[in-house]
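Survey of secondary and tertiary structure
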Amino acid sequence: MPAALTITVIDSHTAGEPTRVVIGGMPEELTRRAGGSVAQRREVFRARHDHLRAAIVNEPRGSEAMVGAMLCEPSDPAHAAGVIFFNTVGYLGMCGHGLIGLVATLAHLDRLSHGQVSVETPVGVVGASLAPDGRIRIDNVPSYRFRADVTVNVPGVGPVRGDVAWGGNWFFLVAEHGQSLELARVRELTDFCLRVRAALAAAGITGDNGAEIDHVELFGPPSGPHADSRNFVLCPGGAYDRSPCGTGTSAKLACLFADRKLAPGQVWRQESIVGTVFEGHFAVIESDPRGVIRPSIVGRAHVTARAELVLNDDDPFRWGIS
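These lines cover the structure that appears in this document, whether it is placed above or below. (Residues numbered from 1 in each chain as written. Predicted model: local features only at pLDDT ≥ 70, side-chain atom pairs only at ≥ 80, totals over all residues. Heavy atoms only, no water.)

**Looking at the packing of helix α2 (residues 38-48) against helix α3 (residues 50-57)**
- Viewed as axis vectors pointing N to C, α2 and α3 meet at an angle of 85 degrees, and their least axial separation amounts to 5 Å. Here α3 runs roughly perpendicular to α2, going by the angle between their axes. Along the contact surface, α2 presents Phe45, Arg46 and Arg48, while α3 presents Asp50, His51, Leu52 and Arg53.
- When the residues that make up the contact of α2 with α3 are grouped by side-chain class, the tally is two nonpolar, one polar and four charged. (Axes fitted to C-alpha atoms, helices over the stretch in contact; angles between N-to-C directions. Helix = DSSP H or I, 4+ residues; strand = E, 2+ residues; numbered from the N terminus. Parallel < 35°, antiparallel > 145°, perpendicular 65-115°, else oblique. Contact = heavy atoms within 4.5 Å. Nonpolar A, V, L, I, M, F, W, Y, C, P; charged D, E, K, R; others polar.)

Take a look at the structure:
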């Protein structure tokens, strides 16, 4: 490794949740389409370059809430870009707020004008569009409810009932939790969700094909008439989502459709724990008998910084604090 490695990033936030888009300084086997599909390059990232992930998003350069998004060439040049999402503990399939942040970043770089584009993620191609007023819509990967009314016994809490759903990541969605969803109670809410997630793992409750459920999502009444629901989302690693969570809102839309509580095209306004709102609606994928939908999420992102991360070989935390 060179004595000093520099990585170019652009930071943004989407409805309060940070995204760090990596636009330079990464190995070519990750950024070039010659390395294979974006999903294949994510595995190379994980196996050979995980120290770079840690350096980019972990302290002292990042924070527990930071989500990284490595910009790369798509395997099909018909797509506008490829992206690999990651955080302080590993890699994500999709990230709704992160993709909105990526679109805002591409616009900031003059690589994207208003209109519709497609982006390759490790779990499929996602559509995105930038409106003249700055609102960004993403058309997420197909989403569905995998299991309904699953009860798990949580030590120190008791039985907790929820749905298991896919929205680009795996979620356990809980409406009846007895918690007050207030920002001042973040520590208590985090502890509750960590207990639920640990209980799910101990009980062997998973997503499809044994996939780990790494997100827990609590729902409650909104703070006002501007939204339909308020949520608290625990992300992998123990941080909470400041935004309403794009993949979590997608999973919620799938559950609402499965319960026949929301019709195709009907708008659902999801409020976050910090008071920001995503708008969501969906179309039904008629060819899939599982009740699969294609969710669309609308939100805004704001670029906050452009920086060169410097990784010196004499820095004891060159590769972050893990």
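**Quick notes on α2**
- Among all positions in α2, only Val38, Arg41, Arg42, Val44 and Phe45 are buried. The arc that holds the buried residues of α2, viewed along the axis, is 160 degrees, so those residues lie on one side.
- On the buried face of α2, the contacting elements are α1 (28-31), α3, β3 (67-72), β4 (81-86), β5 (91-92) and β6 (115-121). (Buried < 20%, exposed > 50% of the residue type's maximum accessible area, 1.4 Å probe, protein only. Arc of directions from axis to C-beta.)

**Observations concerning the packing of aromatic side chains**
- Going through the model one piece at a time under the given rule, you end up with eight aromatic pairs.
- For the pair tyrosine 144 and tryptophan 170, a centre-to-centre distance of 5.9 Å together with 90 degrees between the ring planes defines the contact as edge-to-face. Of this pair, tyrosine 144 sits in strand β9 (residues 144-154) while tryptophan 170 is found in strand β11 (residues 170-174), placing the two residues 26 residues apart along the sequence.
- On the accessibility criterion, tyrosine 144 (9% relative accessible area) is buried.
- Overall, tryptophan 170 belongs to the buried group, its relative accessible area being 7%.
- Ring geometry for phenylalanine 257 versus phenylalanine 282: centroids 5.4 Å apart, planes at 65 degrees, classification edge-to-face. Taken together, the residues phenylalanine 257 in helix α6 (residues 246-258) and phenylalanine 282 in strand β15 (residues 277-284) connect sequence positions 25 residues apart.
- Counting every residue linked through ring pairs, the aromatic cluster contains Tyr144, Phe146, Trp166 and Trp170.
- Here the guanidinium or amino end of arginine 242 rests over the ring plane of tyrosine 240, the centre of that ring lying 3.9 Å away. (Phe/Tyr/Trp six-rings, centres within 6.5 Å; stacked < 30°, edge-to-face > 60°. Lys NZ or Arg CZ within 6 Å of the ring centre and 35° of its normal.)

**Thoughts on the pairing of strand β16 (residues 293-299)**
- Burial runs high along β16: six of the seven residues are buried.
- Alignment of strand β8 (residues 136-139) against β16, held across four bridges, turns out to be antiparallel. If you follow aspartate 139 over to β16, its bridge partner there is serine 296.
- Looking at chain direction, β15 and β16 are connected through six bridges and run antiparallel. (Pairing = 2+ DSSP bridges.)

**Digging into the side chain of histidine 49**
- Structurally, histidine 49 can be placed in the loop between α2 and α3.
- Using a relative accessible area of 11% as the deciding quantity, one classes histidine 49 as buried.

**A few points about the pattern of salt bridges**
- All chains considered together, the criterion is met by 19 salt bridges.
- In this structure, the salt-bridge partner of glutamate 73 is arginine 33, at a minimum N-O distance of 3.9 Å. Here arginine 33 lies in the loop between α1 and α2 and glutamate 73 lies in the loop between β3 and β4, a separation of 40 residues in the sequence.
- Taking relative accessible area as the criterion, glutamate 73 reaches 23% and is therefore assigned partly exposed.
- For the salt bridge of arginine 230 with glutamate 271, the shortest nitrogen-to-oxygen distance reads 3.0 Å. Here arginine 230, found in strand β13 (residues 229-234), pairs with glutamate 271, found in strand β14 (residues 268-271); they are 41 residues apart in sequence, far enough to count as distant.
- You can call arginine 230 buried: its relative accessible area is 9%.
- The exposure class assigned to glutamate 271 is buried, which follows from its relative accessible area of 1%.
- Here the salt bridges do not stand alone but share partners, grouping Asp133, Arg135, Arg269, Glu279 and Arg300 into one network. (Salt bridge = Lys/Arg side-chain N within 4 Å of Asp/Glu carboxyl O.)

**A closer look at the environment of leucine 92**
- Residue position: leucine 92 is located in strand β5.
- Considered as a pair, leucine 92 and valine 67 are 25 residues apart in the sequence and their alpha carbons are 9.2 Å apart.
- In this view, leucine 92 contacts Arg42, Val67, Phe85, Phe86, Asn87, Pro122, Asn169, His215 and Pro236; residues no more than four positions away in its chain are not counted.

**What to know about the pairing of strand β2 (residues 17-24)**
- For β2, the buried fraction is high: six of the eight residues fall into the buried class.
- Across seven bridges, the pairing between strand β1 (residues 4-14) and β2 is antiparallel. By the bridge assignment for β2, threonine 14 is matched with glutamate 17.
- Linking β1 to β2, which pair antiparallel, is a turn of two residues; within it alanine 15 sits at a positive phi near 55 degrees.
- For β2 and β3, the ladder comprises four bridges, and the chain directions are parallel. From the neighbouring strand, threonine 19 faces β3, where its bridge partner is valine 67.

**Considerations on the nonpolar core**
- Ranked by internal contacts, the top residues of the largest apolar core, which has 64 residues, are Phe85, Leu99, Phe172, Leu218 and Phe232.
- For this core, the element with the most residues is helix α5 (residues 186-202), which contributes seven residues.
- Ignoring anything within four residues of it in the chain, the contact list for phenylalanine 232 reads Leu181, Val186, Leu189, Thr190, Cys193, Val216, Glu217, Leu218, Tyr240 and Ile273.
- The next biggest cluster of nonpolar side chains, apart from the first, holds 21 residues, and it includes Leu5, Val44, Ile56 and Ile84. (Core = buried A, V, L, I, M, F, W, Y, C linked by side-chain atoms within 4.5 Å.)

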